[in-house]
Amino acid sequence: MGADARESDFLVIGAGLAGLYAALRAAEHGHVCLLTKTSISETNSAWAQGGIAAAVDENDSPQLHREDTLTAGRGLCDERAVDVLVREGPQCIKELERLGVAFDKTPSGYELGREGGHSRRRIVHAGGSSTGQRVVARLSELIVKNPNITLIEHTPVIELLTADGVCVGAKVARERAEQIVLARATILATGGAAALYLRTTNPPGATGEGIALAYLAGAELADLEFIQFHPTALAVPGARSFLISEAVRGEGAYLLNAQGERFMPKYDERAELAPRDVVARAIWEEMRKSKTDHVFLSLRHLDPKGVRSRFANIYETCLQYGLDLTRDLIPVAPAAHYTIGGVRTDLWAETTVKNLFAIGEVSCTGVHGANRLASNSLLECLVFARRAVEAAVRGDLTPLASFPKGKGESSPPPLGEESTLSAIKQLMTEHVGLVRHRAGLEYAIQQLSRIESESVGLVRSQALVARLIAQSALLRTETRGVHVRSDFPHEDPNWQAHIIVHKDRPVRLEKYLQKESL
Ligand SMILES: Cc1cc2nc3c(=O)[nH]c(=O)nc-3n(C[C@H](O)[C@H](O)[C@H](O)COP(=O)(O)OP(=O)(O)OC[C@H]3O[C@@H](n4cnc5c(N)ncnc54)[C@H](O)[C@@H]3O)c2cc1C
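Just so we're clear, the structure is a prediction, and the values are computed from it rather than from any experiment.

J.: Hey, could you run me through the pattern of salt bridges in this one?
T.: When the charged atoms of two side chains with opposite charge come close together, those side chains can pair. For the structure on display, the rule yields 40 salt bridges. In this structure, Arg276 engages Glu246 in a salt bridge whose closest nitrogen and oxygen atoms are separated by 2.4 Å. Pair noted here: Arg276 is in helix 8 (residues 276-290) and Glu246 is in helix 7 (residues 246-250), with a separation of 30 residues, a long-range link. The residues Arg276 and Glu246 share a single accessibility class, namely buried. Lys289 serves as the salt-bridge partner of Glu286, at 3.6 Å between the closest nitrogen and oxygen.

J.: Help me understand empty space enclosed by the protein in this model?
T.: Tallied over the entire structure, the rule returns two cavities of 30 Å³ or more. The volume enclosed by the largest cavity comes to roughly 40 Å³. Lining the largest cavity, in full, are Phe229, Arg276, Asp277, Ala280, Arg281, Leu434, Gly481, Val482 and Val484. For the lining of the largest cavity, the element with the most residues is helix 8, which contributes four residues. The class makeup of the residues in the lining of the largest cavity is five nonpolar, one polar and three charged.

J.: Got a minute to help me understand the site of the ligand in this structure?
T.: Around the ligand there are 37 residues in total, and Ser45, Gly50, Gly51, Glu361 and Ser377 lie nearest to it. Note that an oxygen atom of the ligand is positioned 3.2 Å from one of the backbone N or O atoms of Leu17. Interatomic distance of 2.7 Å between a side-chain N/O atom of Ser377 and a nitrogen atom of the ligand. When the free accessible area of the ligand is taken as 1,000 Å², the share hidden by the protein chains comes to 97%. For the shell around the ligand, the secondary structure elements donating two or more residues are helix 1 (17-26), helix 2 (44-47), strand 15 (330-339) and helix 11 (376-394). If you tally residues by element for the shell around the ligand, the top one is helix 11, at four residues.

J.: How do you make sense of the nonpolar core when you look at a structure like this?
T.: What tends to happen in soluble globular proteins is that the nonpolar side chains get buried as a cluster. In terms of nonpolar packing, the biggest core is built from 60 residues, with Leu96, Phe103, Leu139 and Ile359 touching the most fellow members. When residues of this core are traced back to their parent elements, those giving at least two are strand 1 (7-13), helix 1, strand 2 (32-35), helix 4 (79-98), helix 5 (131-145), strand 10 (177-188) and helix 11. Among the elements that take part in this core, helix 11 stands out by supplying 11 residues, more than any other. If we skip the residues at most four places from it in the chain, Leu139 touches Leu17, Leu20, Tyr21, Leu24, Leu96 and Leu99. Judged by nonpolar contacts, the second largest core, of 58 residues, contains Leu35, Ala183, Ile227 and Ile445.

J.: Mind showing me how you'd approach unusual backbone geometry here?
T.: Note on backbone geometry: most residues besides glycine have negative phi, and most peptide bonds are trans. In this structure, Asp164 is a non-glycine residue whose phi angle is positive, near 50°. Within the fold, Asp164 resides in the loop between strand 8 (157-163) and strand 9 (166-174). Of note in the backbone geometry, Asp223 takes a positive phi value of approximately 60° without being a glycine. Following the sequence through the fold, Asp223 ends up in the loop between strand 11 (221-222) and strand 12 (227-234).

J.: I tried to follow the sheet that holds strand 22 (residues 505-511) on my own but got confused; where do I start?
T.: Backbone-to-backbone hydrogen bonds join strands into a sheet, with any given pair of strands oriented parallel or antiparallel. Pairing in this open sheet of five strands is mixed, and the strands run 18-16-11-21-22 from one edge to the other. The open sheet has two edge strands, strand 18 (363-364) and strand 22, and neither has a second partner. Seen against the sheet, helix 6 (residues 209-216) touches strand 11, strand 16 (342-344) and strand 21 (497-502) and runs at an angle of roughly 35° to strand 16.

J.: Please clarify how the UniProt feature "active site" (unreviewed entry) in the protein chain should be interpreted in this entry.
T.: The UniProt record annotates "active site" (unreviewed entry) at Arg276. A residue is classified by how much of its surface remains accessible, and Arg276, at 6% relative accessible area, is buried. The contacts of Arg276, once residues within four sequence positions are left out, are Gln228, His230, Pro231, Glu246, His337, Asn371, Arg372 and Ala374. A distance of 2.4 Å separates the side chain of Arg276 from the side chain of Glu246, its partner in a polar contact.

J.: What is the right way to look at the layout of surface pockets in this model?
T.: Here the idea is plain: a probe the size of a water molecule rolls over the atoms and shows the empty space left. Size it by volume and the second largest pocket reaches roughly 500 Å³. Residue lining of the second largest pocket: 25 residues in total, with Trp284, Met287, Pro334, Thr429 and Leu434 positioned closest to the centre. Mapped by element, the contributors of at least two residues to the lining of the second largest pocket are helix 8, strand 15, helix 12 (418-431), strand 19 (435-436) and helix 13 (438-454). By residue number, the principal contributor to the lining of the second largest pocket is strand 15, which donates four residues. A breakdown of the residues in the lining of the second largest pocket according to their chemical character gives 15 nonpolar, six polar and four charged.

The rules behind each value
Residues numbered from 1 in each chain as written. Predicted model: local features only at pLDDT ≥ 70, side-chain atom pairs only at ≥ 80, totals over all residues. Heavy atoms only, no water. Salt bridge = Lys/Arg side-chain N within 4 Å of Asp/Glu carboxyl O. Helix = DSSP H or I, 4+ residues; strand = E, 2+ residues; numbered from the N terminus. Buried < 20%, exposed > 50% of the residue type's maximum accessible area, 1.4 Å probe, protein only. 1 Å grid on protein atoms, 1.4 Å probe; cavity = no way out; pocket = protein on both sides within 12 Å on 5 of 7 lines; lining within 4 Å. Points joined across faces, edges and corners; volume = space filled by probe spheres on them. Nonpolar A, V, L, I, M, F, W, Y, C, P; charged D, E, K, R; others polar. Near = heavy atom within 4 Å. Polar contact = N/O pair within 3.5 Å; in protein donor to acceptor, adjacent residues only side chain to side chain. Areas by Shrake-Rupley, 256 points an atom, 1.4 Å probe, with all protein chains shown as cover. Core = buried A, V, L, I, M, F, W, Y, C linked by side-chain atoms within 4.5 Å. Contact = heavy atoms within 4.5 Å. Pairing = 2+ DSSP bridges. Axes fitted to C-alpha atoms, helices over the stretch in contact; angles between N-to-C directions. UniProt positions renumbered as here; feature names shortened; annotations may be inferred.

As structure tokens, then:
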């Protein structure tokens, strides 16, 4: 195959960790076209702080990692997918090191961090709390040098192309024209949708269009109602909701309410290290009781030198807002952080559309259940990117010659109005946020449907994804993991099921299937 980016063996859409890693692995087998709507450095992956969870320590094991993941997932994890994740995780860390990523080490091995919901120190990190940036920078270097990879930045995919139910590539908006990229395997790695909320830890590009692209191409989506709110994003007027990593609590930071009292021990015996859903809900409750919009993180009792070196970028960012992480109380509140649901895949990242794979945050492999365990998402990017490429290589991929060519080259649809996106964010924040109820969800669905029908281009896709999230949230009449309903405040065993959405079929519930342990 030549280097023409319009025809490739592999089309990888998205250049976060999942897309970069998949592209590098796929390049061992053929030509790769790697597309990203932003620049290669503007991704959630580059913003990741805490690190990558993997059972690499001699006091740890995949079995323990599995148990912690299942406990956090509140009965909805796909146990087979979790097995794959925890077993293949350590190998992926080794592979990153082979590619030149330098993880933080002590003389005796990895310097492992601890985060909420983990029973062991198992978070591998790089550059203290700059893990994402370090890993992405190294992989990007390799991508740019790789002769088998054509990287095209600032080029959004606007449609996935199918022929007889098989994905054959994508339509992109490039230089004011539509173009077509044909590929034998298409790997969707477009990240999540948490930037559909006003208060979010994500970069602005994380608006979930990849989920809409797959849906419109006929793929099944699952678990969309589960949007994880990170408990501790900076809450300073005028500042973006900068994430204060969970690793900070892992190293002993306390959460204090408006009265200066440490409150987590009264909500959960794991206190500040309870899983994210528990901590976020406790913070919400404390804010409600004291009628404030934040609580505080306190690191004042920790060794200042250790805090400055382990959390250098958090320390520097707080300083920009006049807050010294080692001395001041840091105002924090929950913010939309992670899209647990997405494009449904099997254990090999295959979607329900042939030759379309989904990896990373856009996918729903089932590893996170109803609540993602901290630092399992970068690991999921790696493990399932590798699997997607393996499956694509051994799969029955249609030769390019049989695909129609020469379409396109017309004007792309407009990208949509910024003000419409703001309206979507407002609705999602007010009615589909951390705590939901029927009336609010119904109102949001009605308004989002209207926006969708009146919009074009990317904003239409964003409204579609927002509506599907709200509809799934309305359907799930219980509280489980990150999905909290004030009108259904308890977990209901009848709801141990996944909500599966498809464009041409009625919504379907799939019961949870248990599997033998490792
Ligand atoms: C502040 C922060 C800290 C985090 N810390 C951690 C952590 O410590 N550990 C952990 O495990 N997880 C962490 N996470 C979560 C983790 O970073 C993400 O889940 C993960 O990086 C997602 O990677 P991805 O490759 O799937 O998507 P992303 O990194 O979001 O990349 C998506 C890519 O898709 C592209 N794209 C999107 N739509 C289109 C389109 N239509 N056409 C073309 N390209 C498109 C984007 O431009 C981008 O290149 C953190 C997240 C945030 C926001």
